[in-house]
Amino acid sequence: MKTTVLAVCHIKKVDAFLFRKKPDGSLPYKETWYAFGAPLDGDNRDPELAIKTLVKKQTGVDVAISETLWWDVETKPDNDGVETFFVYLHSIAEYVSGDLQLSAGIEKLEWIDTNNLQNYDIVPPSRDFLKRYLKD
């Protein structure tokens, strides 16, 4: 089975988190809101640099990692439908600067207030993470 390691970043600004929505029908979870996950492979092995680079490319904003939290795992098909074992390193990043800009493969970017998270169809790993993080 294929294994993918991702540095997952939940971007925070006051009492809201930034989420992205992929175009309709995108795998592996259709019609859902995602956090930001940077693969850690090849030359891209520094989680903080990988996150900062990915977030800047996908959103146009700069972030700073404020907390590195815990690991989670999940088995599911990847974007190509291949059954994959995913390993996630969760972190919190604070918004630093910049204006939101859509990039290829992102339908919407939205700051979601923590009081409204339950009104969005957020992917299971992020939903589980936020329940755990916000409970603490």
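Notes on the structure follow. (Residues numbered from 1 in each chain as written. Predicted model: local features only at pLDDT ≥ 70, side-chain atom pairs only at ≥ 80, totals over all residues. Heavy atoms only, no water.)

**Observations concerning the overall build of the chain**
- Each helix and strand counted, the chain has two helices and seven strands in total.
- Helices and strands in the chain line up, N terminus first, as β-β-β-β-α-β-β-β-α.
- Taking 2.2 N^0.38 as the reference for a compact globule, 136 residues should give roughly 14 Å; the C-alpha atoms of the chain span a radius of gyration of 14 Å, in line with that estimate.
- Principal-axis analysis of the C-alpha atoms gives the chain an extent of 40 × 35 × 35 Å.
- Across the 136 residues of the chain, 43% fall into the buried class.
- The centroid of the 17 positive side-chain charges in the chain is displaced by 1 Å from the centroid of its 22 negative side-chain charges. (Helix = DSSP H or I, 4+ residues; strand = E, 2+ residues; numbered from the N terminus. Rg over C-alpha atoms; globule rule 2.2 N^0.38 Å. Buried < 20%, exposed > 50% of the residue type's maximum accessible area, 1.4 Å probe, protein only. Lys, Arg positive; Asp, Glu negative; His and termini not counted. Charge placed at Lys NZ, Arg CZ, Asp CG, Glu CD.)

**Describing the pattern of salt bridges**
- Applying the stated rule across the entire model yields eight salt bridges.
- Put simply, Asp 24 and Lys 21 hold a salt bridge, and the shortest N to O gap is 3.1 Å.
- The class for Asp 24 is exposed, based on a relative accessible area of 54%.
- Where Arg 132 meets Asp 72, a salt bridge forms, and the shortest distance between an N and an O atom there is 3.9 Å. Placement of the pair is Arg 132 in helix α2 (residues 124-135) and Asp 72 in strand β5 (residues 62-77), with a sequence separation of 60 residues.
- A residue is classified by how much of its surface remains accessible, and Arg 132, at 41% relative accessible area, is partly exposed.
- Taken together, the salt bridges that share partners define one network made up of Lys 21, Asp 24, Glu 31 and Glu 107. (Salt bridge = Lys/Arg side-chain N within 4 Å of Asp/Glu carboxyl O.)

**Here we look at the packing of aromatic side chains**
- One pass over the structure, following the stated rule, counts six aromatic pairs.
- A centroid spacing of 6.0 Å and a plane angle of 10° characterise the contact between Phe 86 and Tyr 88, whose relative ring orientation is stacked. This pair shows no difference in class: Phe 86 is buried, exactly as Tyr 88 is.
- Judged by centre distance (5.9 Å) and plane angle (90°), the rings of Tyr 95 and Trp 111 are edge-to-face. With a gap of 16 residues between them, Tyr 95 in strand β6 (residues 83-97) and Trp 111 in strand β7 (residues 108-113) connect regions that are remote in the sequence.
- Judged by its relative accessible area of 24%, Trp 111 is partly exposed.
- Every member of this aromatic cluster is reached through a ring pair, and the members are Phe 17, Trp 70, Phe 129 and Tyr 133.
- The aromatic ring of Tyr 34 is capped on one face by Lys 22, whose charged end is 4.4 Å from the ring centroid.
- Lying over the aromatic face of Trp 70, Arg 132 brings its terminal NZ or CZ to 3.8 Å of the ring centre. (Phe/Tyr/Trp six-rings, centres within 6.5 Å; stacked < 30°, edge-to-face > 60°. Lys NZ or Arg CZ within 6 Å of the ring centre and 35° of its normal.)

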